[in-house]
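Spelled out from the first residue to the last, the chains are:
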Amino acid sequence: MDLKYTDAAPTDAERDAVDGLLGPPPSGWEGGTTRSDEDLRWARGGVSAAKDRRDQLLPALHAVNDRIGWISEGALDYICRRLTVAPAEAYGVATFYAMFSVRPRPAKVLHVCTDLACAARGSAAVCADLTESFAPAGTATEGAVWQESPCLGLCERAPAALLIQAGERPEPARLPLPALPPLPARPPLPPLPARPALPARPAFEDRGSGGGAPGFGKGRVGEQPAAGAPHRTAVIAPATPTALTTAIRSPEHTPAEPPPETAAPQAGHPTLVLLKRIGTTDPASLDAYRANGGYTALRRAFTLGPAGVIREVLDAGLVGRGGAAFPTGRKWEVTAQQPDGPHYLVCNADESEPGTFKDRVLMEGDPYALVEAMTVAGYAIGARQGFIYLRGEYPRAFARLGHALETARTRGLLGPDILGQGYAFDIEIRRGAGAYICGEETAIFNSIEGQRGEPRSKPPFPVEKGLFGKPTAVNNVETLVNVLPILEHGAAAYAATGTGTSTGTKLFCVSGQVARPGVYELPFGANLRELLELAGPPQDLRAVLLGGAAGGFVRPDELDIPLTFEGTRAAGTTLGSGVVLVLDGSVELPRILLRIAEFFRDESCGQCVPCRVGTVRQEEALHRIKDRTGAAAADDIALMREVGQAMRDASICGLGQTAWNAVESAIDRLGVYK
Amino acid sequence: MTAVPLQLPRRLIEFTLDGQETRVPEGSTILDACRAAGKDIPTLCQGDTLTPKNACRVCVVEVAGARTLAPACSRRAEAGMTVLTDSERARHSRKVVLELLASSTDLSTTPRAAEWIKEYEAKPGRFGADVARLNEEPKVDNDLYVRDYDKCIQCYKCVDACGEQWQNTFAIAVAGRGFDARVSTEHGVPLTDSACVYCGNCIEVCPTGALSFKSEFDMRAAGTWDEPAQTETTTVCAYCGVGCNITLHVQDNEIVKVTSPHDNPVTHGNLCIKGRFGFQHVQNRV
């Protein structure tokens, strides 16, 4: 390809950041500052080389954004030269993601969640106060800026905020995770197994810094600090105005994030299956994982063989937990049968549905479970390479998973010869950069491949042509983790839990006005009332949003809805991603609906007309009727219905097809505008 | 006469199109089948020389048993499929999509848009007067062509033609997201600073007139553009030895723009800067 680059030059820091990922440029053809004699005789690159490396575009954009805080023309141009990507295309990709900026901005960016769960718990007041005490949103002040953010997946501690400070990562991203602070005492649980002392590691304040970078506040041990502030992230939840102002002024003084098990109120309960290790097993210790049942599923998988694993998953009746409820075994079977190769496994960890945080808790609290489950899945479908597509807003999960992968590799549980069985498999984490649409199974492929995260039309389906155009199985985190109990106890034992068509247990993300928000695990068949009883429902329950922004509302008199795929379907709603957002009488529903509409308008990729324009028209209509009822709202409701029907019928992907669901259910079931 | 390259024989598959048993060669799209059967389905983002992006969704049809409607331009016909092209559901979606487009975009130079809006009884005005629109000023940054993104429906055809489907120049791409997505050069620089090589192949495929010859843009502004009065003459480009066909569009004895026949096996409608824009010497009247 004869690409034309711009004349903008990168700064040394920008060049460093990109070279840190890609290595130094091997030649003048790839952005090197000098050309060797050989370069003058030989042109490298070309279409095939470019295609091979395009998938490094998103990581390269991350590298610059992490270091500098935004992506300048010079940095983008250097990335383009390194990867043989056209600048216009790279610009199109960089501007697709909300976490990147192509305009100068301060190194410190505070993302304040204003999405459903946070809105229900007072994010508006937090933002107002921050505007008052610090600066209006988007205004750079004191080397920092804050902005409103879609759901950060911290709903159990709403309202929430995430601070990202760009800077040099003080240590390689694969630094082993330092030891955790002691777990809080839980009398009925057995004591944790002792962990070996690791004197060389710095003290770890559990703050979920991306890439395992330690040393918030305490400084780094045994190393001189680099010039400027290091890259760090901090989660502030619950976000009080004071905590936010402190965090934005001096991130190093942010208090430690509570351990993941605080998000699982049932932690330690003996009946838990998917959450059984949350809070009882040190997520940073492979030994602890193995001592608590880890890697028995993989051993069983090797004795069963790939077809046996698929048979077991089919018999167990496992269906996808990402919302579509497609039979997992069937997906694996079809992928495994594809003659084209290589096969890929993609773990969809882009949990961006407002109100959803279960995958975060699993990845932070039991990362090895996901690693093992992916190894089993990869084995079943004949993949040698798996990707975890992790949402960019989950720095602690990124650190924990990175550490888990690294230790698994060193112990022969990933790599060329897993457990001496001759099976080669490895996993790479790809970080998203703030785009809900990238949770759509085909948009993930485009995002990993370095394209804009726009969904592809189906057919062809991913099992035939997925990542890099090859057969790919995409499963979300919760689905994959279910594979472990299936193999540990057998399909029959697994299928004995739950109902006929919804087998096993299900994780629910309970947030909003409940006494004990968090992730709950219940066998399929329990009803909504039982779940709410566990979480402590409010006195004046107004409505429950089931299934997330793409789900539907149910009334307080509908709490007997069984929480199964068939039960919710029969009741005209959906389990979706397991969101249970509880709203009491204090919540203004029209505002919540507006926020849902805003969310879809913001998150539409813009590829197809019904979604790109339809979400805007619906939001406009909701604005018009926010203070109206009855006949005064009827025309606009009729208009939204017509647009909603076309979006459902004619949009390319699930985002547009489901964007109208929640609002429609609020109108029909709750009578919001009556 | 246009040469039609022979293709390998293809298997015929049978399916039901609006109640009629239909046979089409394997690999045909539903739209191919519709056109062969003489059915008129509106399309915007579909182009005869490009792989459709199926982004505009005006060609949706109902496939029995499917949860959602299918874009006729890119869904391949399958044996045994039952397709309804004019069902109430399909008509409803087309109507709403036309309304959404017309309420946000200037469709005044989109061929057939007005006709379809009438046919489907679309009422773009019902979203109110103060709806969000693109509201872009035309970008006039060179003497050859104008980008008027107020008329852009984001069909991706220009991006595909500039990029890997034809030109391999990659001067433009879609940037931003959602309603704010726009076709753009890197960092929004003028075309003169971009990688653009002025082949004009993007103009050739633009379905709405968002991309146009500067000559056409100026004449439209002056009110002198008169398409029915134009004659088209196809000849051979004299600049090099490839032998591309060029079609001269002439109004009042002046060449006002140049295109190339899409079914020409040499150009497929594409030209280079010389063939497309190098016509001043024919009519240099200093």
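This text gives an overview of the structure that appears in the document. None of the values given here were measured: they were computed from a predicted structure. (Residues numbered from 1 in each chain as written. Chains lettered and ligands numbered in written order. Predicted model: local features only at pLDDT ≥ 70, side-chain atom pairs only at ≥ 80, totals over all residues. Heavy atoms only, no water.)

**Points about the side chain of A:Thr564**
Residue and element names in this part refer to chain A. Relative to the helices and strands, Thr564 is located in the loop between strand S13 (552–554) and helix H20 (565–570). With a relative accessible area of 2%, Thr564 lands in the buried category. With sequence-adjacent residues up to four places away left out, Thr564 is seen in contact with Thr499, Ser502, Phe524, Gly525 and Leu575. (Helix = DSSP H or I, 4+ residues; strand = E, 2+ residues; numbered from the N terminus. Buried < 20%, exposed > 50% of the residue type's maximum accessible area, 1.4 Å probe, protein only. Contact = heavy atoms within 4.5 Å.)

**Brief notes about the packing of aromatic side chains**
Counting across every chain of the model gives 18 aromatic pairs over all chains. Ring plane angle 25° and centroid distance 5.6 Å describe the contact between B:Tyr145 and B:Phe277, whose orientation is recorded as stacked. Of this pair, B:Tyr145 sits in strand S6 (residues 145–147) while B:Phe277 is found in helix H7 (residues 273–277), placing the two residues 132 residues apart along the sequence. The class of B:Tyr145 is buried, set by a relative accessible area of 3%. Here the aromatic cluster, defined as three or more aromatic residues joined through ring pairs, consists of A:Phe302, A:Tyr379, A:Tyr423 and A:Phe425. Positioned above the aromatic ring of A:Trp29 is the side chain of A:Arg35, whose terminal nitrogen or guanidinium carbon lies 4.8 Å from the ring centre. The ring centre of A:Tyr394 lies 5.2 Å from the NZ or CZ of A:Arg391, which sits over that ring. (Phe/Tyr/Trp six-rings, centres within 6.5 Å; stacked < 30°, edge-to-face > 60°. Lys NZ or Arg CZ within 6 Å of the ring centre and 35° of its normal.)

**Describing the sheet that holds S13(A)**
All names here are of chain A. One open sheet holds the five strands; their spatial order is S11-S10-S14-S12-S13, and the pairing between them is mixed. The open sheet terminates on both sides in strands that have one partner only, identified here as strand S11 (518–523) and S13. Each neighbouring strand pair of the sheet contributes to a mean axis angle of 30°, computed without reference to strand direction. Bridge count for strand S10 (residues 505–512) against strand S14 (residues 579–584) is four bridges, and the pairing is parallel. By the bridge assignment, Ser511 is partnered in S14 with Leu581. (Pairing = 2+ DSSP bridges. Axes fitted to C-alpha atoms, helices over the stretch in contact; angles between N-to-C directions.)

**Quick look at helix H6 (residues 214–222) of chain B**
Residues and elements named next belong to chain B. Buried residues of H6: Lys214, Glu216 and Met219, and no others. Along its buried surface, H6 packs onto S6, strand S9 (211–213), strand S11 (245–251) and strand S12 (254–259). Just downstream of H6, Gly223 is the residue with a positive phi angle, here 80°.

**Here we look at unusual backbone geometry**
Both trends apply: most residues other than glycine have a negative phi, and most peptide bonds are in trans. All names here are of chain A. Between Ala237 and the following residue, Pro238, the backbone shows a cis peptide bond with an omega angle of 0°. Structurally, Pro238 can be placed in the loop between strand S4 (232–236) and helix H9 (241–249). A cis geometry characterises the amide bond from Gly341 onward to Pro342, with omega recorded as -5°. Positionally, Pro342 belongs in the loop between helix H12 (328–337) and strand S5 (343–349).

**Focus: the pairing of S11(B)**
When a strand is regular, its side chains alternate between the sheet's two faces. Residues and elements named next belong to chain B. Across the seven residues that make up S11, a large majority, six, are buried. Relative to S11, strand S10 (residues 231–236) runs antiparallel, the two being bridged by six bridges. Across the sheet, the residue bridging to Thr231 is Val250, located in S11. In this sheet, S12 lies alongside S11 in antiparallel orientation, the contact comprising five bridges. From the neighbouring strand, His249 faces S12, where its bridge partner is Lys257.

**Thoughts on the packing of helix H1 (residues 12–22) of chain A against helix H4 (residues 57–68) of chain A**
Residues and elements named next belong to chain A. Contact geometry of H1 with H4 gives a least axis separation of 9 Å together with a crossing angle of 135°. Comparing the axis directions of H1 and H4 gives the class oblique. Relative to H4, the crossing made by H1 is right-handed. Taking contact as the criterion, the partners of Ala13, Glu14, Asp16, Ala17, Val18 and Leu21 in H1 are, on H4, Pro59, Ala60, Ala63, Val64, Arg67 and Ile68. Class assignment of the residues belonging to the contact of H1 with H4 gives a composition of nine nonpolar, no polar and three charged. (Parallel < 35°, antiparallel > 145°, perpendicular 65-115°, else oblique. Left-handed = near helix turned anticlockwise from the far one by under 90°. Nonpolar A, V, L, I, M, F, W, Y, C, P; charged D, E, K, R; others polar.)

**Points about the pairing of strand S8 (residues 423–431) of chain A**
Residue and element names in this part refer to chain A. Burial analysis of S8 places seven of its nine residues in the buried class, which makes it a mostly covered element. Looking at chain direction, strand S7 (residues 415–418) and S8 are connected through two bridges and run antiparallel. Looking at the pairing, Gly415 lines up with Phe425 of S8. The hairpin turn running from S7 into S8, its antiparallel successor, is four residues long, and Leu419 in that turn takes a positive phi close to 50°.

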